[in-house]
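A closer look at the structure
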Amino acid sequence: MESTISLSKQREKLIEVYRHASIKELPTPNSIEAISPDLRFRPHVKTHKTAEIVRIQLDNGRKHKSVVASTISEIRGLGPLVQDGTVKDILYGIPPTKSKIPTLAEISQKLHALGTTLRLMIDSAVQLQFLKDYSERHPSYSLTWSVVIKINVGDNRAGQTLAASDLTEVIKQAVVSKNISLHGFYTHAGGSYSSTSIDSASEYLDQEISGVYEAAVLARSILDSRAGKRRFVLSVGATPTAHASAMAFDKLTNLFAKAMQDDELEIHAGNYAMLDMQQVATGLGVSPSNIAGRVVAEVITFYSDREEYLIDAGVLALAREPGRIPGIATIKGQRVSGERWIVGRVSQEHGIITKRTDNIGNVFEESLDEATITKSWTAGDRVVLLPQHSCITSSMYQWYYVVEDDKVVDIYLPWRGW
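Residues numbered from 1 in each chain as written. Predicted model: local features only at pLDDT ≥ 70, side-chain atom pairs only at ≥ 80, totals over all residues. Heavy atoms only, no water.

**Things to note about the overall build of the protein**
- If you tally the helices and strands in the protein, you get 13 helices and 17 strands.
- The buried share among the 418 residues of the protein stands at 53%. (Helix = DSSP H or I, 4+ residues; strand = E, 2+ residues; numbered from the N terminus. Buried < 20%, exposed > 50% of the residue type's maximum accessible area, 1.4 Å probe, protein only.)

Spelled out as structure tokens, the structure:
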């Protein structure tokens with residue numbers, strides 16, 4: 001595929017070729033794709049990286065207009081959604097390197113002209129100094145940098161812990177600098193992916209909310225009293241804790257109320273748009289049938305001596321990330337005498353389907369009729385794979401086939417690159 005062809009032209013060509021095609025006709029491997037009125041919502045676009053799904057997530061901007069993006073490519077890809085008013089607030093979800101600041105300044109100015117704000121995630125006073133230095137050296141850049149400080153609630157992915165002296169310094173610099181505006185605090189409980197129940201996910205959510213709330217209290221104590229009482233946006237979430245906020249809202253009412261008394265509370269999540277076996281394992285009501293991002297692979301060879309199958313989907317199709325339901329991917333709806341099939345091993349371009357015979361928990365809700373279960377595959381048969389981690393798997397594909405009733409009805413082209 002020529003990189004010089006626009007996404008819209010690529011999409012038109014792909015739809016012309018594949019619309020109404022059956023899954024069996026697709027080249028393999030391929031990728032298929034009321035809590036409280038006062039809560040804000042900021043979906044993350046990094047899992048799917050498509051304009052079409054952002055529109056679904058934001059309901060075309062009818063109420064919520066904020067998103068998180070992990071790459072500059074994603075921010076640029078959001079351009080059409082900015083132009084039509086669907087997106088008005090973009091958070092660049094990784095602390096900016098010094099070399100990216102000129103690019104971010106240029107993008108910020110273009111977004112500002114369209115009525116949209118670019119916010120930057122910060123977890124170091126050095127990053128703030130980079131921003132201040134840039135503004136001083138470039139008087140033509142007259143915008144104030146809107147920043148969100150990343151708080152580490154224990155998973156050590158990124159961000160400052162509440163006990164760190166560096167956090168106090170970051171907050172001080174953010175509130176006293178004339179060209180910096182502190183928008184709020186952000187945390188992501190990556191550890192919540194190990195949750196196995198609503199209660200355990202709720203504990204992570206408690207940690208998230210408590211962490212950003214205490215950071216906001218610290219920020220207000222640092223602010224000059226003459227500035228008045230500042231309200232910050234407290235952004236919390238990961239797909240498990242976002243699920244918990246919806247499923248156990250009654251139990252969490254006091255926690256939410258405390259945070260929303262002095263600040264604005266915002267939920268962010270990204271994986272939920274596709275889901276995967278990692279989310280099934282959390283015990284938060286996600287079943288295999290909810291997984292939207294699936295991979296179709298083709299059987300190449302059957303090895304009768306060891307009862308294994310060679311398929312044309314390996315590391316580059318699935319990403320090598322085993323999970324708590326072991327295997328790089330699970331085969332949808334396939335069972336032989338209580339056994340489950342998984343992609344047990346992968347090489348760069350191919351994988352091996354193996355049997356998993358030990359108990360993996362009650363994660364498959366399908367009631368399978370033994371008379372209709374495939375007992376074996378032959379070369380040329382298709383298998384539908386349920387990925388362990390859709391965020392990584394989906395990044396391996398140039399486009400997604402959107403399927404209804406096993407027929408292609410649309411094609412989404414994700415934003416690629418950094």
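Once you've had a look at it, read on.
**What to know about the nonpolar core**
- If you look at the biggest cluster of nonpolar residues, it comprises 62 residues, and the most contacted ones within it are I90, W145 and F185.
- Excluding residues within four positions of it along the chain, I90 makes contact with R42, V67, A69, I75, L78, V82, L111, T116, T117, L118 and R119. (Core = buried A, V, L, I, M, F, W, Y, C linked by side-chain atoms within 4.5 Å. Contact = heavy atoms within 4.5 Å.)

**With respect to the environment of L318**
- By the secondary structure assignment, L318 is in helix α12 (residues 315-318).
- For L318 and L386, which are 68 residues apart along the polypeptide, the C-alpha to C-alpha distance reads 9.4 Å.
- In this view, L318 contacts V295, A313, I328, A329, V343, L385 and T393; residues no more than four positions away in its chain are not counted.

**As for the packing of helix α6 (residues 125-137) against helix α7 (residues 165-176)**
- Running from N to C, α6 and α7 point in directions that differ by 20°, and their axes come no closer than 9 Å. Considered as vectors, α6 and α7 are oriented roughly parallel to each other. Along the contact surface, α6 presents A125, L128 and K132, while α7 presents E169, V170, Q173 and A174.
- Split by residue class, the contact of α6 with α7 holds 4 nonpolar, 1 polar and 2 charged. (Axes fitted to C-alpha atoms, helices over the stretch in contact; angles between N-to-C directions. Parallel < 35°, antiparallel > 145°, perpendicular 65-115°, else oblique. Nonpolar A, V, L, I, M, F, W, Y, C, P; charged D, E, K, R; others polar.)

**A look at the sheet that holds strand β5 (residues 117-122)**
- In space, the 8 strands of this open sheet follow the order β2-β9-β8-β7-β6-β5-β4-β3, with parallel pairing throughout. Only two strands of the sheet have a single neighbouring strand rather than two, namely β2 (40-43) and β3 (66-69). Recorded for the sheet is a direction-independent mean angle of 30° between the axes of neighbouring strands.
- Across 4 bridges, the pairing between strand β8 (residues 233-236) and strand β9 (residues 264-269) is parallel. By the bridge assignment, L234 is partnered in β9 with L265. (Pairing = 2+ DSSP bridges.)

**Considerations on the packing of aromatic side chains**
- Per the counting criterion, the structure on display carries 10 aromatic pairs.
- A centroid spacing of 5.6 Å and a plane angle of 75° characterise the contact between F185 and F232, whose relative ring orientation is edge-to-face. Of this pair, F185 sits in strand β7 (residues 180-186) while F232 sits in the loop between α8 (198-222) and β8, and the two are 47 residues apart along the sequence. Each member of the pair F185 and F232 is classed as buried.
- For the ring pair F302 and Y309, a centre distance of 4.7 Å and an interplane angle of 35° mean the geometry is tilted. (Phe/Tyr/Trp six-rings, centres within 6.5 Å; stacked < 30°, edge-to-face > 60°.)

**Examining the pattern of salt bridges**
- Following the criterion strictly, the structure yields 16 salt bridges and no others.
- Across the pair E308 and R306 runs a salt bridge whose closest N-O atoms are separated by 2.8 Å.
- Note on R306: relative accessible area 39%, which makes it partly exposed.
- One continuous salt-bridge network, built from bridges that share partners, spans R42, D89, R119 and E266. (Salt bridge = Lys/Arg side-chain N within 4 Å of Asp/Glu carboxyl O.)

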